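Structure at a glance
For reference, the chains in residue letters:
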Amino acid sequence: GHKDLVLEAVKQKGSLLADLAHGFNADKDVVLEAVTQNGEALQFACTDFRADKDIVIRAVRQKGCALRFASGELQADWQVVKEAMKEDPCALEFAPE
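This one's a predicted model, so the numbers in the text were calculated from it and none came from an experiment. What you see as residue numbers is a count from 1 along each chain, following the sequence as written. For a predicted model such as this one, the threshold for reporting local features is a pLDDT of at least 70, and the threshold for listing and counting side-chain atom pairs is 80 or more; totals across whole chains, interfaces and linings nevertheless cover every residue. Note: side-chain values were computed over all heavy atoms of the structure, leaving out hydrogens and water.

Section: helix H2 (residues 28–37)
Going by this rule: In this scheme, a residue with accessible area under 20% of its type's maximum is buried, one over 50% is exposed, and one in between is partly exposed, where area comes from a 1.4 Å probe on protein chains only. Helix and strand labels come from DSSP, where a helix needs a run of H or I of at least four residues and a strand needs a run of E of at least two; each type is numbered from the N terminus. The contact rule is simple, with two residues in contact once any of their heavy atoms fall within 4.5 Å. Side-chain atoms alone can form a polar contact between residues adjacent in sequence; in general such a contact is a pair of N or O atoms within 3.5 Å, and within protein one must be able to donate a hydrogen while the other accepts it.
The complete set of buried residues in H2 reads Val30, Val31, Leu32, Ala34 and Val35. Contacts from the buried residues of H2 go to helix H1 (2–12), helix H3 (47–50) and helix H4 (53–62). Sitting at the head of H2, Asp27 places a side-chain oxygen 3.0 Å from the backbone nitrogen of Asp29.

What follows is the structure in structure tokens.
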């Protein structure tokens, strides 16, 4: 079905999450594939997923600065910040004081 095509597309280019029909940004499988390929695709995920620790960690492992698109609670979560900083030490600037 459509979901299989969408999954294949975001595996190749995670930023396609921005262009997909509404609803796919709220599909956990699609969002996980998108942020695994391009952490910054987190910005196009639904609000709930920007507060989902598994998804945010997957995103920041790929692109540390994707931390800026995470919920405030996860930006303050030391485990998430640590993962982001492993990929890019500059990610610390997106963590609260």
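The rest of the description comes next.
Overview of the state of the cysteines
To be explicit about the condition: Sulfur atoms of two cysteines make up a disulfide when they are within 2.5 Å.
Per the counting criterion, the structure on display carries zero disulfides. In this model Cys65 remains outside any disulfide bridge; the closest cysteine sulfur is found in Cys90, 6.2 Å from its own. Here Cys65 falls in the buried class, since its relative accessible area comes to 12%.

A closer look at the environment of Lys86
You can see Lys86 is positioned in helix H6 (residues 78–87). Judged by relative accessible area, which is 61%, Lys86 ranks as exposed. C-alpha of Lys86 to C-alpha of Asp52: the two residues are 34 residues apart in sequence and 19 Å apart in space. At 3.3 Å, the side chain of Lys86 and the side chain of Glu83 are in polar contact.

Section: the nonpolar core
Note that soluble globular proteins tend to have their nonpolar side chains buried in a common cluster. Cut-off, in case you're wondering: Nonpolar core, defined: a set of buried Ala, Val, Leu, Ile, Met, Phe, Trp, Tyr and Cys residues in which side-chain atoms within 4.5 Å join the residues together.
By size, the foremost hydrophobic cluster in this structure holds 30 residues, and its most contacted members are Leu42 and Leu67. Listed by contribution, the elements that provide at least two residues to this core are H1, H2, H4 and H6. The residues touching Leu67, leaving out its near neighbours within four places in the chain, are Val60, Leu74, Gln75, Val80, Val81, Ala84, Ala91, Phe94 and Ala95.

Honestly, it's all geometry; don't read function into it.
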